[in-house]
Structures are given as structure tokens and as C-alpha cells.
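The chain contents come next:
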Amino acid sequence: MSDVAKNLEDIGKSINKAAKAAGRAAQDITLVAVSKRQPMDRILAALNAGQRVFGENKVQEAITRWQDVRTDFPDIKLHLIGPLQTNKAKEAVSFFDVIETVDREKLVDALSAEMQKQGKSIPCFIQVNTGEEEQKAGVAPQGLEKLLAYAKEKGMNVVGLMCIPPVNEPAGLHFAFLKTLADRYGLSQLSMGMSADYDKAILAGATHIRVGSALFGARE
Ligand SMILES: *Cc1c(COP(=O)(O)O)cnc(C)c1O
């Protein structure tokens, strides 16, 4: 068994354990395998072990990496988990199955126009900057209500919220906060938790965990 297949099995066990502790069904938690800057052999090992949902943080890099692989594995689902520039909206809409990083009205404009043009309605998450960090993407919590209303008005299919907690704060507080926001606005999906803290995220209600290094090893 490859290292990646073994890691995948271990992560599956941890997901089961955390789900059980939270009184939740493990099937309600989707593992998004973050394949950014990972070599192809590791990605193929994950595919061969049955993993089908992957996350990438850059549009162009994702297309380069996945375009051909997708022909062999047509049931793959690709999530965009990195910041999106409006001038890449067209490619993002044509290539990704889920966009997790909607965080401003201009991006809603660009994405909704593209989806209309391409006849698609891609599920989206709103990224919330729960730590209100200057350098981090995401809408500030106090701007969420307005952005959600705007996205709805534009016909976007917003399914949930996503966050990346500040590195030096307890992630659990941010996960709980994101859950509160999702409940307040009637959103059922929560993308939160990475390699170091996905078990905490599951306890707090994550429906999508984004795991890179714990699955694939260190990035290039
Ligand atoms: C890279 C990345 C991850 C994965 O991080 P790991 O610590 O390697 O699991 C998750 N989410 C986002 C948004 C990322 O950019």
C-alpha cells in the first residue's frame, strides 16, 4: 500500500471517530483532498485508493494538473479553495465543480454573469475572514449578511460558509463562530478544518474538511 493510501485510510478512521464523538454520520463529512503543489504520483495514488474530491488554490495550476486526469476519472469533483480574481471567473466557472472562496460583490458579479453565460449553477461557499486579518481573503463577519443578500439577488447558489482561522489562535473558536453564522443564515454546509485541526472542525459541525499535507505529505 502506498503512503498516500495508508494516510487516506487513517484520515478516514479519524473522520469516523470525530463524527461518532459529535453524534454525526461520517457520510455527512466530505474530505476535500488538497492537491496543490503535490506531485502527480501522489495524486494518482489517492485516485487509485478511491478519493474523488480534490481542492486546488490556483485556477491555472488546477487546469494544468487536472485537465487530462479528468478524462480518465470523469467522476472527480474539483473545489476552488484559493482566492479568485474576477478576470479568472470564466475559467473558474468552466473548470470547477464548487467554488469555496466567494468574498465580495465584484466577484459575485463576475461569477453570476459567467454562470449565466455558460448555463451553469455552481455551488458556492462564502469565505468569511473570521479573524478579521488584514492580509487574509474573505468577507468580514459584519459584511456577510449584505454579501449573502447580494449573491441571492444575483441568483447564486450559495450552499455554505468557509473559513481559514488565524494560525496563532485556537481554531475551535473560529469553527464555532462560523457554525453560528451558518445557522443564523440558514446555510447547511461548512468548509473548515485542515490537516492539523480537522477533528475539531468535525466536532464543530464541518461538512467539508480540506486536508493536504496529512494526506499527501509536505508540498513541493
Ligand atoms: C493548503 C490549504 C489547505 C490544506 O492545508 P494542510 O495544512 O496541508 O492540510 C486547506 N485549505 C486551504 C484554503 C489551503 O490553501
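J.: With reference to specific residues and values, describe the nonpolar core.
T.: Ranked by internal contacts, the top residues of the largest apolar core, which has 68 residues, are Phe54, Ile99, Leu111 and Leu161. It is helix α1 (residues 3-21) that provides the largest number of residues to this core, a total of six residues.

J.: An account of the side chain of histidine 208 is needed here, citing residue identities and associated values.
T.: Checked against the element boundaries, histidine 208 lands in strand β8 (residues 208-211). The class of histidine 208 is buried, set by a relative accessible area of 8%. Within polar-contact distance, the side chain of histidine 208 engages the side chain of threonine 207 at 2.9 Å. With near-sequence residues (within four places) excluded, histidine 208 lies in contact with Thr30, Val32, His79, Phe125, Gln189, Leu190, Ser191 and Met192.

J.: If you had to explain helix α5 (residues 105-118) to someone new, which residues and values would you point to?
T.: With 14 residues, α5 extends 20 Å from end C-alpha to end C-alpha; this agrees with the ideal 20 Å at 1.5 Å per step. Burial in α5 covers these residues: Leu107, Val108, Ala110, Leu111, Ser112, Glu114 and Met115.

J.: Give me the side chain of glutamate 133: which residues, what numbers.
T.: Looking at where glutamate 133 falls in the secondary structure, it is placed in the loop between β5 (124-127) and α6 (144-153). You can call glutamate 133 buried: its relative accessible area is 16%. A polar contact is formed between the side chain of glutamate 133 and the side chain of lysine 136, at a distance of 2.8 Å. Dropping the residues within four chain positions of it, glutamate 133 is found in contact with Ile164, Pro165 and Pro166.

J.: Any chance you could break down the pairing of strand β2 (residues 53-56) for me, citing the residues and the numbers?
T.: Where burial is concerned, the two faces of β2 agree: the one with Val53 and Gly55 and the one with Phe54 and Glu56 are both buried. Sheet topology places strand β1 (residues 30-34) next to β2; two bridges connect them, and they run parallel. Within β2, the position partnered with alanine 33 by the bridge is phenylalanine 54. For the crossover from β1 across helix α2 (residues 40-48) to β2, the handedness is right-handed. Bridge analysis of β2 against strand β3 (residues 77-80) gives four bridges, and the strand direction is parallel.

J.: So what about the site of the ligand? Which residues, and what values?
T.: Taken together, the neighbourhood of the ligand is formed by Val34, Lys36, Ile81, Ile164, Met194, Ser195, Arg210, Val211, Gly212, Ser213 and Arg219. Glycine 212 is positioned with one of its backbone polar atoms (N or O) 2.8 Å from an oxygen atom of the ligand. Taking arginine 219, its side chain carries an N or O atom lying 2.8 Å from an oxygen atom of the ligand. Considered on its own, the ligand offers 390 Å² of accessible surface; in the complex 88% of this is hidden by protein.

J.: Describe the packing of aromatic side chains, and please don't skip the residues or the numbers.
T.: Overall, the coordinates contain two aromatic pairs when judged by the stated rule. Between the aromatic rings of phenylalanine 54 and tryptophan 66, the centroid separation amounts to 4.6 Å while the plane-to-plane angle is 45°, which identifies the pairing as tilted. Taken together, the residues phenylalanine 54 in strand β2 and tryptophan 66 in helix α3 (residues 59-72) connect sequence positions 12 residues apart. Measuring from centroid to centroid gives 5.9 Å for phenylalanine 95 and phenylalanine 96, while their planes differ by 85°, and the two rings are edge-to-face. Phenylalanine 96 shares its class with phenylalanine 95; the two are buried. A cation sits over an aromatic face here: arginine 70 above phenylalanine 95, 4.9 Å from the ring centre.

J.: I'd like to hear about the packing of α5 against α6, residue by residue, with values.
T.: For the pair α5 and α6, the least separation of the axes is 10 Å and the interaxial angle reads 15°. When the axis of α5 is compared with that of α6, the two are roughly parallel. For the element pair α5 and α6, the recorded crossing hand is right-handed. Listed contacts from α6 to Glu105, Val108 and Asp109 of α5 are Lys146, Leu147, Tyr150 and Ala151. Considering only residue class, the contact of α5 with α6 consists of four nonpolar, no polar and three charged.

How each quantity is defined
- Residues numbered from 1 in each chain as written.
- Predicted model: local features only at pLDDT ≥ 70, side-chain atom pairs only at ≥ 80, totals over all residues.
- Heavy atoms only, no water.
- Core = buried A, V, L, I, M, F, W, Y, C linked by side-chain atoms within 4.5 Å.
- Buried < 20%, exposed > 50% of the residue type's maximum accessible area, 1.4 Å probe, protein only.
- Helix = DSSP H or I, 4+ residues; strand = E, 2+ residues; numbered from the N terminus.
- Polar contact = N/O pair within 3.5 Å; in protein donor to acceptor, adjacent residues only side chain to side chain.
- Contact = heavy atoms within 4.5 Å.
- Expected span 1.5 Å × (residues − 1).
- Pairing = 2+ DSSP bridges.
- Right-handed = clockwise from strand over helix to strand, strands pointing away.
- Near = heavy atom within 4 Å.
- Areas by Shrake-Rupley, 256 points an atom, 1.4 Å probe, with all protein chains shown as cover.
- Phe/Tyr/Trp six-rings, centres within 6.5 Å; stacked < 30°, edge-to-face > 60°.
- Lys NZ or Arg CZ within 6 Å of the ring centre and 35° of its normal.
- Axes fitted to C-alpha atoms, helices over the stretch in contact; angles between N-to-C directions.
- Parallel < 35°, antiparallel > 145°, perpendicular 65-115°, else oblique.
- Left-handed = near helix turned anticlockwise from the far one by under 90°.
- Nonpolar A, V, L, I, M, F, W, Y, C, P; charged D, E, K, R; others polar.

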